[in-house]
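Structure at a glance
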Amino acid sequence: MTARVIFIGLDAAETTLLERWAREGFCPSLRSAMEQGATIRMASSLETLPGAIWPEISSGMGCGRHAHFYHGQQLHTGEAFKRPLEPGEIDTELYYWVRASRAGQRVFVSDIPQTVPAKDFNGLQLFEWGTHDRNFAITSEPPSLLEEIRGKYGDHPVSACDSHGETREGYSKLLRGLKHGASVKTRIYLDYLKRESWDLFNVCFTESHCAGHQFWHFLDPGHPKHDPDAPDEFKNAVRDVYAEIDKGIGALIEAAGPGATAVLVASHGMALYSGGPNLLNEVLARLGLTSEGEDTMQGRFWRNLQFSSNPAIRTLREAFKSLASKRVIQTIQSGSGSLHEPFSRSETRAAELRNNRCGAIRLNLKGREPFGAVAPGNEAAAITETIREALLELKHPETREPIVKKVYTAREAFGPNHHPDVPDILVVFRDDLGVLDACWSERLGLIKRTVYQHWLPRTGDHTPHSAMWVVNGPFPPGAQYDGGDVLEVAPTVLEMLGLAPPDGIDGRSLTRLMAGSGAVRRDPRAGPRAMGL
């Protein structure tokens, strides 16, 4: 046995498709794991802070407490400019693999999304060699590990998922890169898995994430961009990427040995990119709360600065990080808001924050924001209710059905002790009405803001479908459980390693489900603490 516990993450792999293609024979390794192991359905942060799902899986701590939800462009309390999260702002001691290392166990970890290296680690760490979202640097500990991998295997063939140009040649190149990347990743993992005995071998395939974002319209006949005459290689692209990953799953489980416990985690899913958050800026503008728009020249400048993979622009982005302080902003613009970040303007009362599939709004509070304009208490509460009412009034312009599923405050979502960086208002849009390019209400009139942008050519977006399959673990083979939560992945893996979770996290072991201890699901209006943890 080369690993006591082997953890294999399947980043943004849609569980309904995994199960379908397992049944149909395209993913035989998954089918074997599903038949021989236990299946656990899990709730997640996909209706609060979607980008926090991997930090929740890795740490067991709820997103309302750490507020790491949009790593590439977040607003931090006391700062007026959105900026990327820095590695030093992340507590690596919460990672379950670091906990194992601190207990003297030997650990290999690679490409777990949105994570960073820990110091004084008992094992090998590789980060962002082949992840979908490269929010930090491609690095390893020790540094010689990355040097060895690059010397033997090169770099991952896909460096930027969104840069295919939406041409047939571009899509074909991207698909080849994803399949080859998954294949090379399998070879790398097998290489290091077989080199020594590991207590925990902890890896992730993220090619499924990019495939879902970019090729969904080829798979989905109901998608407005679906091309029935597209080549079969594009129509089957998502399936074929999953199948390549499935080959890796089978090879790794076999190499780990017959006594190893295998944990497979599908973090979240994929379906039609229906949108909704694209409408928020104009909603707030028509309510007289913000003057910042997505389509301004300044807005495009800041967006390109934040997301471009061009080395020169990335260097410029690093230089602009210093602008986050109030002192520098005041020196440059003397409070005039000339740099056109919403929270650098005293005229702003509320503005949208990036939050993936969910809408997010933050008030420009006095005493919290550098140029605060809204008094805490009654004024903030009144604006919040105005926004809530206006959002719930929004209707599909053709069917006149409401387009908003839920609106709740940070306190309602996470409780009174939530992190100050989380958005003040969270908005869940319906995903059963097709693409939400427009909305209407008597109060605001007709609003049109397209979902699809040339700079982000994604046609698939995430679903809150999370699942875990465990083979040779504490669960009976063939058992199926509902009522789990991704917060419970970390303490479950630690329990498999004979270790206790860190004090103060929100999750507990999923083995509680065997005792029938209440198939409780996370209630977003009450927050993770309402799980009885």
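Below: a short report on this structure. Note that the structure is a prediction, hence the values are computed from the model and not measured. (Residues numbered from 1 in each chain as written. Predicted model: local features only at pLDDT ≥ 70, side-chain atom pairs only at ≥ 80, totals over all residues. Heavy atoms only, no water.)

It is worth spelling out the pairing of strand 7 (residues 261–266) at this point. Look at any regular strand and the pattern is simple: side chains alternate between the two faces of the sheet. Within strand 7, six of the six residues are buried, leaving the element largely enclosed by the surrounding structure. Residues of strand 7 alternate between two faces, with T261, V263 and V265 on one and A262, L264 and A266 on the opposite face, all of them buried. Where strand 1 (residues 3–10) meets strand 7, six bridges bridge the pair, whose relative direction is parallel. When the sheet's bridge partners are listed, I8 is paired in strand 7 with L264. Taken together, the five bridges between strand 7 and strand 16 (residues 466–471) define a ladder with antiparallel strand orientation. Pairing of A266 across the sheet is with A467, part of strand 16. (Buried < 20%, exposed > 50% of the residue type's maximum accessible area, 1.4 Å probe, protein only. Helix = DSSP H or I, 4+ residues; strand = E, 2+ residues; numbered from the N terminus. Pairing = 2+ DSSP bridges.)

This brings us to the environment of I387. Mapping I387 onto the fold places it in helix 15 (residues 378–393). Distance in space between the C-alpha atoms of I387 and L289 is 9.4 Å, their sequence separation being 98 residues. Among residues more than four places away in sequence, those in contact with I387 are L284, L287, L289, A350, I361, L363 and I425. (Contact = heavy atoms within 4.5 Å.)

Turning our attention to the sheet that holds strand 17 (residues 480–485). Spatially, 5-4-3-6-1-7-16-2-17 is the arrangement adopted by the nine strands of the open sheet, whose pairing is mixed. A single partner strand is all that each edge strand has here, and the edge strands are strand 5 (139–141) and strand 17. Taking each pair of neighbouring strands and ignoring which way they run, the sheet shows an average axis angle of 15°. Judged from the four bridges that link them, strand 2 (residues 38–43) and strand 17 form a sheet pairing that is parallel. From the neighbouring strand, I40 faces strand 17, where its bridge partner is Y481. Where helix 2 (residues 28–36) meets the sheet, its contacts fall on strand 1, strand 2, strand 7 and strand 16, and the angle it forms with strand 16 comes to roughly 75°. Relative to strand 5, helix 6 (residues 143–153) is tilted by about 125°, and along the sheet it contacts strand 4 (123–127) and strand 5. (Axes fitted to C-alpha atoms, helices over the stretch in contact; angles between N-to-C directions.)

Attention now goes to the packing of aromatic side chains. A full pass over the atoms with the stated rule returns 18 aromatic pairs. For the pair Y171 and F218, a centre-to-centre distance of 5.0 Å together with 90° between the ring planes defines the contact as edge-to-face. One end of the pair, Y171, is in helix 7 (residues 168–193); the other, F218, is in helix 8 (residues 207–219), with 47 residues separating them in the sequence. The pair Y171 / F218 is uniform in exposure class, with both members buried. For the pair Y189 and F201, a centre-to-centre distance of 6.5 Å together with 85° between the ring planes defines the contact as edge-to-face. In this pair, Y189 is assigned in helix 7 and F201 in strand 6 (residues 198–205), connecting sequence segments 12 residues apart. Residue class for Y189 comes out buried when judged on its relative accessible area of 1%. Its guanidinium or amino end placed over the ring of Y452, K225 lies 5.5 Å from that ring's centre, counting from NZ or CZ. Against the face of W440 rests R400, its NZ or CZ located 4.0 Å from the ring centre. (Phe/Tyr/Trp six-rings, centres within 6.5 Å; stacked < 30°, edge-to-face > 60°. Lys NZ or Arg CZ within 6 Å of the ring centre and 35° of its normal.)

What follows is about the side chain of E128. As for its placement among the helices and strands, E128 is situated in the loop between strand 4 and strand 5. Despite being buried, E128 has no salt bridge partner; R134 is the closest side chain of opposite charge, sitting 5.5 Å away. Within polar-contact distance, the side chain of E128 engages the backbone nitrogen of N135 at 3.2 Å. Residue contacts for E128: discarding those within four places in its chain leaves D111, D133, R134, N135, F136, A137 and I138. (Lys, Arg positive; Asp, Glu negative; His and termini not counted. Salt bridge = Lys/Arg side-chain N within 4 Å of Asp/Glu carboxyl O. Polar contact = N/O pair within 3.5 Å; in protein donor to acceptor, adjacent residues only side chain to side chain.)

Now for the nonpolar core. If you look at the biggest cluster of nonpolar residues, it comprises 68 residues, and the most contacted ones within it are I8, L18, L30, F201, F215 and L252. The element best represented in this core is helix 7, accounting for 11 residues. Ignoring sequence-local partners within four residues, the contact set of F215 consists of Y171, L174, L175, L178, F234, A237, V238 and T459. Counting 42 residues, the second-largest nonpolar core is a separate cluster that includes F7, A118, V263 and V486. (Core = buried A, V, L, I, M, F, W, Y, C linked by side-chain atoms within 4.5 Å.)

Another aspect to go through is the pattern of salt bridges. A complete count under the given rule lists 37 salt bridges for this structure. Taking the shortest distance from any N to any O, the salt bridge between E379 and R349 comes out at 2.7 Å. Taken together, the positions of E379 in helix 15 and R349 in the loop between helix 14 (326–333) and strand 9 (350–353) put the pair 30 residues apart, joining distant regions of the chain. Among the residues examined, R349 registers a relative accessible area of 25% and is labelled partly exposed. Ionic pairing is found between R512 and E488, a salt bridge with its closest N-O pair at 2.5 Å. Taken together, the residues span a long stretch of sequence, with R512 in the segment after helix 17 (489–496) and E488 in the loop between strand 17 and helix 17 at a distance of 24 residues. Since its relative accessible area comes to 0%, E488 is described here as buried. One salt-bridge network, in which partners are shared between bridges, spans E148, K152, D191 and R195.

To continue, consider the packing of helix 6 against helix 7. Running from N to C, helix 6 and helix 7 cross one another at 125°; their axes reach a closest spacing of 12 Å. Relative to helix 7, the element helix 6 lies oblique. Seen from above, helix 6 lies across helix 7 with right-handed handedness. Contacts between helix 6 and helix 7 involve L145, E148, I149, K152 and Y153 from the first element and V184, R187, I188, D191 and Y192 from the second. (Parallel < 35°, antiparallel > 145°, perpendicular 65-115°, else oblique. Left-handed = near helix turned anticlockwise from the far one by under 90°.)

Turning to the environment of E128, a few remarks are in order. Judged by its relative accessible area of 2%, E128 falls in the buried class. Sequence separation between E128 and Q114 is 14 residues, and the spatial gap between their C-alpha atoms is 8.4 Å.

Attention shifts here to helix 17. For helix 17, the tally of buried residues reaches seven of eight residues, placing the bulk of the element in the interior. Among the residues trailing helix 17, G498 stands out with phi positive, at a value near 80°.

So, about the sheet that holds strand 9. Across a sheet, paired strands are connected by hydrogen bonds in the backbone, their directions being either parallel or antiparallel. Ordered in space as 9-10-12-11, the four strands form an open sheet in which the pairing is antiparallel. Both edges of this open sheet fall to strand 9 and strand 11 (404–409), since each of them pairs with a single strand only. For this sheet, the mean inter-axis angle between neighbouring strands, taken without regard to orientation, is 25°. Strand direction decides the pairing type here: strand 9 and strand 10 (residues 359–363), joined by four bridges, are antiparallel. Bridged to A351 within strand 10 is R362.

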